[in-house]
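# An overview of the molecular structure
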Amino acid sequence: MQQQFSTLTFLQNNPLPVWIADARTLEIKYANPIAGKICLSTTDDKPQSFLSFFSRQQQPAFLQWLFATGLDEKIEPGFLLIHNNGSKSVSIQLYAGKCLYDDVACFQITGAIVNNGQHAINAIKHLELLASLVQDTSDIITAADLDYRPLTWSKAAEKLFGLTADEVIGKSISGFLNIQYENNTTENVRKEVLEKGEWRGEMFFVRPADKKLVTVLTSFKLLKDDAGNPMHIINTTVDISERKVAELKLKESESRFQEVANSAPVMIWMSDENNITTYVNTTWEKFTGINTIGCNAKAWEDLVHPQDVEKCKQFAYAAEKAREGYDIVYRLRTANGSYRWVKDVVVPRFLNNEKFLGFIGSVVDIDDQKRTEQQLHYQAAILENVSDVVVSSNLNFEVTGINKAAEQTYGFTIDELVGKRLSTVIDFTFINCSYQECVDAILANGLWEGELSLTKSGGAVTYFIHTIKEFFYEGRKIGYLSIGKDITERRKMENALVKSEQFYRTLIAESQNATLLVDDHGTITFASLAVKSLLGFDAAELEGKSAFGFVCEEDSARAIEAFYNEVEQTPVVKSITVRLKKKSGDWLWCLVRGHNLLNHPDIKSMVVYFQDDSVRKRAHDALKQSEMRFRSLINELSLGIFLAEPTGIIVMCNEALIRMLGRTEDTVTGSSVYQLLNLSIVDEQGNPITNLHKLFAKTLAGKMTIRDLVLGVEHPITNQRVWAMINANQLLDEGGIVLHVIFSISDITHRRQMEQAGFDQKISHQKELTRASIEGQEKERQEIGKELHDNIGQQLTTVKLFLEMIKSTGNEASDQMLALSQKGVASVINEVRALSRSLVPYSLKDLGLLDSLNELIDAINCTQTLAVKLTVASISDDTLNENQALTVFRIVQEQLNNICKHAGAKNASVDLHLEDREIIMAISDDGKGFNTNQLRKGLGFTNIANRAEMFGGTMSVTSSPGSGTQVKVRMPAA
């Protein structure tokens, strides 16, 4: 058979000298390195003829031998060349065969140094044995010219393509096969080979012999000569038809998963190991209005509320780094642009519990109440193509050669296995037969095909399809050839498909959400196990009965309407809450949702999901009643009240506020707090106020509170100045984030008018009225504080119910959730206490700060028991508002009183100055001092600290026995 050359690599590494000579002129076109070492190669610039190695007397005999044997189908020995290699003569046994080289008919002449004639013959036989191994492997390597006409064609190629070497060598294969490339064209592939030097991808064709669709993974590599000119195309081909069939089964499994996931009442998403979204179900798309498949984490962040993004990123980063699951509550943007609270339960996905594949998340809408739906987990394995294992053995089944894939698979080198029976070294497990049955089949039929497995160190099992057949050389059986294809991935894929289907069957059976299948008239045809745990009925007690017979009569009409709307695929609502009859006769509030799969070829039913909604229903009713009581109380107050979001939007106000502003509720609710500041506003001295926007912004952001702030506002209707006293407090969630800010406004216009009138009797009377008004306001504030406490108490009750539910189904993850929830309850309790206290502020008098301080210090100095020095810088009576000035005075008064009573000091100093918009007070004495670690509340420091904290300030005490005391207070200026 005519030999062809796919690459020069084999010849370059050949241990024997090889020449390629033109069949017509015998001009040497190629000589490998070993030929050059024995000085039998072309060394001149001009081409050298192979005849130059022979004397004139030898040339005729050589030509006669060459054309008689070199044109035969086999390489035959037949001519001995004696060459003088400098200091000694070298005897070379020549072998000849025909070949193609650069599309020119040539002779391949191979020599063997005959120091031992038998050695040369054995070397050639060894090369032929290796060539036979390559011919029998399923990996196909062929060579072609630049027009892609094959120059070599192995047995594996004949088997794969169904074409013989005689049919295709030197011809275009497109004349036999209609080859198609996956997502590419022949022209583009060839262009890429010429431009880049190689191309790799999938191609497929229909094999003429059996009309079977064959898919292969193929690569083309361009070989160039030393000058960089293209010479040949090397093609490597691997049959991946079985893998493509497995991938198709996997896609079908994924399609079934998506059918289930798309009908689930929860939002489901999947991502890969690079955090790229690979799947979202239709529930997600309907909720968000966006399909994020193929998007990265940035697209997800755009859907999260800005205040929750950082928290979510921290959770996601930690989980991605540790590859662990987590759950988190955050606000998610809906299709209409609003935000709703959701709970996202995320678990990692692994292949066979080893390779990390990404995450799968289950997102539940808990904006009404934080409820969790079922989670889905699905994993599809990916097959990988591996090279065949090839082992040759003699007639005694002793190993004579193995390829690299066999070394890697078995963990032994060729030297460790040659001469040994493979079965004595490696512990194979034969599947569906025994080792002896395998041997008997080989001896009887010359062939055995079957499956076997190999358990490696560590317990990993590898599965193979093995073919063992007789191996012939020169018509004589010399041994056996074993070819093994690794099918471990296919086995894993089959097991994964079985496990995946079992997983979803178990998920449906064990889910706390009950599932019914009903026909288009509402007759029950199937009930999941969860139905019994919720209603107490066995599946047999429900099947064949009308689902509407278990609905409370008061809810029946609504349930029937929703059902037939879903049947007609015109649903109005996604779910309804109805009462379902239990076997005990009691009624259970349930959240019910239907999904129309009547037209699905496999299901052909309406799928009805329902779950226990009684806890949420009770909590919702309690919250609704509490809100009604709260709104009723607020509207009955004479104190103006409005509630604002952190953005400044007013969400609620009472009638007293509307009367004060001279506007309607519609014009106030929905407007911004900052719109109220666009009016003409002055302080108590009548000076325009310019920093109110900043003050309100800090209050809305939770950075400070407002206490007894007096403002003069021009009424929009009467154009008269209206005087108001404003207080504001923040309502925080369990994470310390501002939910709302409640503002209270007292109308003190009449009091101000009476004060300005200057009539003593009216002023005295007005003071009494003011005192009564303040007492009334304090009482109203106490009522508000009490109602807020009760309202938040309802929320604490709801949290407690959720904690009990978590505790009843506790595991490690829910224990962590329980600890966090308990911490949140404690935080809310503290907020209730702080808010209740803040709604009852101290009653203060209007004082001139500097004069009052001087009077206080003069009075102390007159006693001559303590000398007090006052230092004031950058502060005047106009610098601080009335409340801040009074607070500064009370702090100085309190500490000087402490010094007089307890310090035993002779001198004291009061330093008051303004620095970077911050009031700084330092009150020092040279008294006996004390140990600050034994600080007692009776010394009055608690009162000072409380006053400083009311304005966001801090107090520090520095003292030691015998060294005096310094009290330092810092608080922001208005």
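We now examine the sheet that holds strand β27 (residues 640–644). Strand order in the open sheet made by the six strands is β28-β27-β32-β31-β30-β29, with antiparallel pairing throughout. Edge strands, defined here as strands with exactly one partner in the open sheet, are β28 (650–653) and β29 (681–682). Summarising the sheet, β27 and β28 pair through three bridges and their orientation is antiparallel. Paired with Leu 643 across the two strands is Met 652, which belongs to β28.

In this section: the sheet that holds strand β36 (residues 954–959). With mixed pairing, five strands are arranged side by side in an open sheet as β33-β34-β35-β37-β36. Strands with a single pairing partner mark the edges of an open sheet, and in this sheet they are β33 (867–873) and β36. Averaged over all pairs of adjacent strands, the angle between their axes in this sheet comes to 10°, without regard to strand direction. In terms of strand pairing, strand β35 (residues 918–925) meets strand β37 (residues 965–972) through eight bridges, oriented antiparallel. Pairing of Ile 923 across the sheet is with Val 967, part of β37.

Right, let's get into helix α19 (residues 553–567). Helix length check: α19 (15 residues) gives 21 Å between terminal C-alpha atoms against 21 Å at 1.5 Å per residue, within 8%. For α19, the complete set of buried residues consists of Asp 555, Ser 556, Ala 559, Phe 563, Asn 565 and Glu 566. Looking at the buried residues of α19, the elements they touch are β22 (514–518), β24 (576–581), β25 (587–597) and β26 (605–612). Of the residues flanking the end of α19, it is Gln 569, one or two places downstream, whose phi is positive at about 60°.

All right, on to unusual backbone geometry then. Phi is positive for Asp 916, close to 55°, though the residue is something other than glycine. Along the chain, Asp 916 falls in the loop between β34 (907–915) and β35. When its relative accessible area of 72% is taken as the criterion, Asp 916 is described as exposed. Positive phi is not limited to glycine here, since Arg 917 has a value of about 60°. Relative to the helices and strands, Arg 917 is located in the loop between β34 and β35.

What follows covers the side chain of Ser 614. Within the fold, Ser 614 resides in helix α20 (residues 614–636). A polar contact is formed between the side chain of Ser 614 and the side chain of Asp 612, at a distance of 2.7 Å. Not counting residues within four places of it along the chain, the set of residues in contact with Ser 614 comprises Leu 588 and Trp 589.

Let's shift gears to the packing of helix α28 (residues 849–862) against helix α29 (residues 882–903). The geometry of α28 relative to α29 is characterised by a closest axis approach of 10 Å and an angle of 10° between their N-to-C directions. One element, α28, and the other, α29, form an angle in the roughly parallel class. Within the contact between the two elements, α28 uses Leu 849, Ser 852, Leu 853, Leu 856, Ile 857 and Ile 860 and α29 uses Ala 885, Val 888, Phe 889, Val 892, Gln 893, Leu 896 and Cys 900. Residues that form the contact of α28 with α29 fall into these classes: eleven nonpolar, two polar and no charged.

Thresholds applied
Residues numbered from 1 in each chain as written. Predicted model: local features only at pLDDT ≥ 70, side-chain atom pairs only at ≥ 80, totals over all residues. Heavy atoms only, no water. Pairing = 2+ DSSP bridges. Helix = DSSP H or I, 4+ residues; strand = E, 2+ residues; numbered from the N terminus. Axes fitted to C-alpha atoms, helices over the stretch in contact; angles between N-to-C directions. Expected span 1.5 Å × (residues − 1). Buried < 20%, exposed > 50% of the residue type's maximum accessible area, 1.4 Å probe, protein only. Contact = heavy atoms within 4.5 Å. Polar contact = N/O pair within 3.5 Å; in protein donor to acceptor, adjacent residues only side chain to side chain. Parallel < 35°, antiparallel > 145°, perpendicular 65-115°, else oblique. Nonpolar A, V, L, I, M, F, W, Y, C, P; charged D, E, K, R; others polar.

Scope: geometric values only; no functional claims are made or implied.
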